[in-house]
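Here is how the chains run, residue by residue.
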Amino acid sequence: MFKPLLLPLLCTLLALACDRGDDPQARVAELASAGGLRVQIRDAGELPPTTVHAIAQHLEGPATQTGAAMVRVKHEDGAAPVLEIELWGATLPAAGDLASKLKAQFPALAGADITATTIPAGETPPMPVIAVEADLSPAEAEQQIRDQLAADGVDGAVQVKVQDGPEGRRVEVSVEKEEIQKNP
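This is a predicted model, so every value here is computed, not measured.

What counts, and at which threshold
- Residues numbered from 1 in each chain as written.
- Predicted model: local features only at pLDDT ≥ 70, side-chain atom pairs only at ≥ 80, totals over all residues.
- Heavy atoms only, no water.
- Helix = DSSP H or I, 4+ residues; strand = E, 2+ residues; numbered from the N terminus.
- Buried < 20%, exposed > 50% of the residue type's maximum accessible area, 1.4 Å probe, protein only.
- Contact = heavy atoms within 4.5 Å.
- Areas by Shrake-Rupley, 256 points an atom, 1.4 Å probe, with all protein chains shown as cover.
- Expected span 1.5 Å × (residues − 1).
- Pairing = 2+ DSSP bridges.
- Axes fitted to C-alpha atoms, helices over the stretch in contact; angles between N-to-C directions.
- Parallel < 35°, antiparallel > 145°, perpendicular 65-115°, else oblique.
- Left-handed = near helix turned anticlockwise from the far one by under 90°.
- Nonpolar A, V, L, I, M, F, W, Y, C, P; charged D, E, K, R; others polar.

A. Examining the overall build of the chain more closely. Looking only at helices and strands, the chain has four helices and seven strands in total. Secondary structure elements in the chain, listed N-terminal to C-terminal, are β-α-β-α-β-β-α-β-α-β-β. Across the 184 residues that make up the chain, the buried fraction comes to 42%. Put simply, 70% of the contacts in the chain that link residues at least 6 apart link residues at least 24 apart. For the chain, the accessible area works out to roughly 9500 Å², and carbon and sulfur atoms hold 52% of it.

Written as C-alpha cells, this is what we have:
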C-alpha cells in the first residue's frame, strides 16, 4: 500500500557562493567545518508561511556569520507538521535556552515541543551546491539557479528569490514536492 508523504521544503541559501565569488565546493567545506544548529518544532499546528519565515529570520538574527540556512516543513500521513530549521556558519545562537526564547517571541509556539541541537563540525549541509556568477543581475542569477537545479534533477515547484543588499546577495530557494513512500 502506498501512502502520500508531502514534503514542502523551503530552503534558504544565504550567500553560499554568490556574493564572494568563492568556489562553491570550498564554501560548502568551510560551512561543514564550522558546524551548525538544528531546531525541530513539533506540535505547533499548521503555521502560516509568514510565521515560519519569521521564526527562521529570528534564529538567523544573532547569527552574524551564518553561511547557509535550510527550513523544512514536513507533513506525514495526516500527522501535525514538523518544522526543521538548520543554520550553518561560524557564529550561531546557542542551543541551550533557545526553546524558551522562541516560545516567548512567538505565542503560536507556546505548546510546541522544541528541541535545539548542535550539528558537529564536519557534517555536510544537506543542500544543493549552487554557484552563481557574481556579475549577474538578480533576474539572471535566478535563471542560472533554476537551470542548475534542473540539471541536478531537483524536481517539484521551485521558487527562487534573489536580492542584492548592503550585506551582499541573499538567495532564497524553495522547493515544494510530494513524495510517495511505500509502507513496509
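B. How the structure looks around the environment of glycine 61. With respect to the element layout, glycine 61 can be found in the loop between helix H2 (49-60) and strand S3 (66-76). We classify glycine 61 as exposed; its relative accessible area is 56%. A sequence separation of 32 residues divides glycine 61 from proline 93, and the C-alpha atoms of the two residues are 8.8 Å apart.

C. Fine view of unusual backbone geometry. Of note in this structure, aspartate 43 is not a glycine but carries a positive phi near 60°. You can call aspartate 43 exposed: its relative accessible area is 54%.

D. How the structure looks around H2. Counted at 1.5 Å a residue, the expected span for H2 with its 12 residues is 16 Å, and the 16 Å between its end C-alpha atoms agrees. What H2 keeps buried is the set Thr51, Val52, Ile55, Ala56, Leu59 and Glu60.

E. Structural view of the pairing of strand S2 (residues 36-42). Within S2, five of the seven residues are buried, leaving the element largely enclosed by the surrounding structure. Alignment of S2 against strand S5 (residues 113-119), held across seven bridges, turns out to be antiparallel. Within S5, the residue paired with glycine 36 across the bridge is isoleucine 119.

F. Spotlight on the packing of H2 against helix H3 (residues 98-105). At a minimum axis distance of 12 Å, the contact between H2 and H3 shows a crossing angle of 130°. Classified by the angle their axes make, H2 and H3 are oblique. Relative to H3, the crossing made by H2 is right-handed. For the pair formed by H2 and H3, the contact residues are Ile55, His58 and Leu59 on the first element and Leu98, Leu102 and Gln105 on the second. Here the residues of the contact of H2 with H3 sort into four nonpolar, two polar and no charged.

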